[in-house]
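# Fold and contact review
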Amino acid sequence: MLKIDNLHVAVDGKAILKGLSLEMNAGEVHAIMGPNGAGKSTLAAAIAGRDGYEITDGSITFKGKDLLDLEPHERVGEGLFLGFQYPVEIPGVSNLNFMRTALNSVRKYRGEDDMSAADFMKLIRAKAADLQMDPEMLKRFVNVGFSGGEKKRNEMVQMAVLDPAFAVLDETDSGLDIDALKVVAGGINAQRRDDTCILLITHYQRLLDYVQPDRVHVMANGRIVRSGGKDLALELEEKGYAAVA
Ligand code: ADP
Ligand code: MG
Ligand code: MG
C-alpha cells in the first residue's frame, strides 16, 4: 500500500532524512520511534508535502501512485491524513465548518457530491460521541483554547470523519493523561481495518500498550536503524535508544 524508497529530505539546504525506506501493507499499523531530532516529524512533513521540505532523492508511492507528484490537497484526496505533533489553532473557523469543508473537498476530489448538512451533523455527532468529545466543542474555533489532550482528541474526530486510507499520526499520545490516551487509542483502533494502514510516530512505548503495532521501527539520524515486532518497543523502553539503535 505504501512504499518509501531511499528517501532523502533537506530543510534549508540541510540533509535531515538520509535514505529512509519503509513498506507498509494494507491492514498494518507500524510505529516509528526514536530520539528527539531523529527526523520523525520531517518524515511526516515529507509524506504530507509540506512547503520547505525538499525531496533530494528517493520516492514515495501510495497505492501505486507517485505521491511526490501530487499537491498536498491531492494527497489528502487520495486518502492521506496527517495528525500533527502540534495541532494548529484556527481562530475564526469553527470546528464544524472546518471538518465539513475538509470532508467535502475530499469528496469533490473523488467526484462525489457534498454531504448534506443533515448527514454531516449525524456523522460528526456520532464520531464525537465515539471519542467522548463534548458536542459543544464542535462549535468552537478549531483548537483555540483547547488543552493538549482536547486537541489530540479533536484530531481523532477529524480523522474519523475523513476516514483516511493512510493515517500518519505524529506524537498523538504526547500530553495525554491515561484516560484521554485510552480514548485516542480507541479512535486509532477503530480506524484500523483491512483496507487502511496507520503510521504511529511516538517517543514512548505507552501508546503501544493500547494500539498494538505489527511492526516497530527505530529512527536515528535520518534513517531507520532497526525494525522488529512489537517487542522491540518494550526493549527500547527498557534499554533506551542508544543501546538499541
Ligand atoms: P523528531 O521529530 O524526530 O524530533 P524532526 O524531524 O523534528 O525530529 O527534526 C529532525 C532534525 O531536523 C533536527 O535536527 C531539527 O533540528 C532539524 N530541523 C527540523 N526542522 C527544521 C527546520 N525548519 N530548519 C532547520 N532544521 C530543521
Ligand atoms: Mg521532536
Ligand atoms: Mg517530532
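What this report covers is the structure whose coordinates are included nearby. Computed from a prediction, not measured in an experiment: that's the story for all the values here. (Residues numbered from 1 in each chain as written. Chains lettered and ligands numbered in written order. Predicted model: local features only at pLDDT ≥ 70, side-chain atom pairs only at ≥ 80, totals over all residues.)

## So, the nonpolar core
We apply this condition: Think of a nonpolar core as buried Ala, Val, Leu, Ile, Met, Phe, Trp, Tyr and Cys residues chained together by C-beta atoms that fall within 7 Å. Residues with at least 20 neighbouring C-beta atoms inside 10 Å of their own are called buried, those with 12 or fewer are called exposed, and the rest are partly exposed, where every C-beta is derived from the backbone. Our contact criterion uses C-beta atoms placed from the backbone: two residues qualify when those atoms are within 7 Å.
Among the nonpolar cores identified, the biggest contains 62 residues, and I198 and L200 are the most heavily contacted of them. Discounting residues that sit within four places of it in the chain, I198 has contacts with V29, A167, L169, I188, Q191 and R192.

## Some remarks on the packing of helix α5 (residues 148-162) against helix α6 (residues 178-191)
Selection rule: Orientation is described by lines fitted to C-alpha atoms, with helices fitted over the stretch in contact, and by angles between N-to-C directions that extend from 0 to 180 degrees. Numbering of helices and strands runs from the N terminus, with a helix taken as a DSSP run of H or I at least four residues long and a strand as a DSSP run of E at least two residues long. Angle categories are assigned with fixed cut-offs, so that under 35 degrees is roughly parallel, over 145 is roughly antiparallel, 65 to 115 is roughly perpendicular, and the rest are oblique. Less than a right angle of anticlockwise turn of the near helix away from the far helix marks a crossing as left-handed, whereas a clockwise turn marks it as right-handed. Only Asp, Glu, Lys and Arg are considered charged, only Ala, Val, Leu, Ile, Met, Phe, Trp, Tyr, Cys and Pro nonpolar, and every remaining residue, Gly among them, polar.
Viewed as axis vectors pointing N to C, α5 and α6 meet at an angle of 15 degrees, and their least axial separation amounts to 10 Å. Overall, the two elements α5 and α6 adopt an arrangement that is roughly parallel. In terms of crossing hand, the pair formed by α5 and α6 is left-handed. Contact residues: G149, K152, R153, M156, M159 and A160 in α5; A180, V183, V184, G187, A190 and Q191 in α6. Its residues assigned to classes, the contact of α5 with α6 comprises seven nonpolar, three polar and two charged.

## Quick look at the site of ligand 1
Definition in use: A residue counts as near a molecule or strand when its C-beta atom, positioned from the backbone, falls within 6 Å of it.
The environment of ligand 1 is formed by V11, D12, K14, I16, G34, N36, G37, A38, G39, K40, S41 and T42. Looking at the shell around ligand 1, the elements with two or more residues in it are β2 (14-24) and α1 (40-48). Residues of the shell around ligand 1, tallied by class, amount to three nonpolar, six polar and three charged.

## Let's talk about the pairing of strand β12 (residues 223-228)
The two faces of a sheet get side chains in turn, since along a regular strand they alternate between them. Let me state the cut-off plainly: Two strands are said to pair when DSSP picks up at least two bridges between them.
As defined by bridge partners, strand β11 (residues 215-220) adjoins β12 across five bridges and the pair is classed as antiparallel. Paired with M219 across the strands is I224, a residue of β12. The antiparallel hairpin formed by β11 and β12 contains two residues in its connecting segment, where N221 sits at a positive phi of about 50 degrees.

## A look at the sheet that holds strand β1 (residues 2-11)
The strand order across the open sheet formed by four strands is β2-β1-β4-β5, and the pairing between neighbours is antiparallel. Sheet topology places β2 and β5 (65-66) at the edges, where each strand pairs with a single neighbour. Bridge count between β1 and strand β4 (residues 53-62): eight bridges; the pairing is antiparallel. Counterpart to A10 in the pairing with β4 is E54.

## Considering α1
For α1, the buried fraction is high: seven of the nine residues fall into the buried class. Taken as a whole, α1 has its buried residues at K40, T42, L43, A44, A45, A46 and I47. Just downstream of α1, G49 is the residue with a positive phi angle, here 85 degrees.

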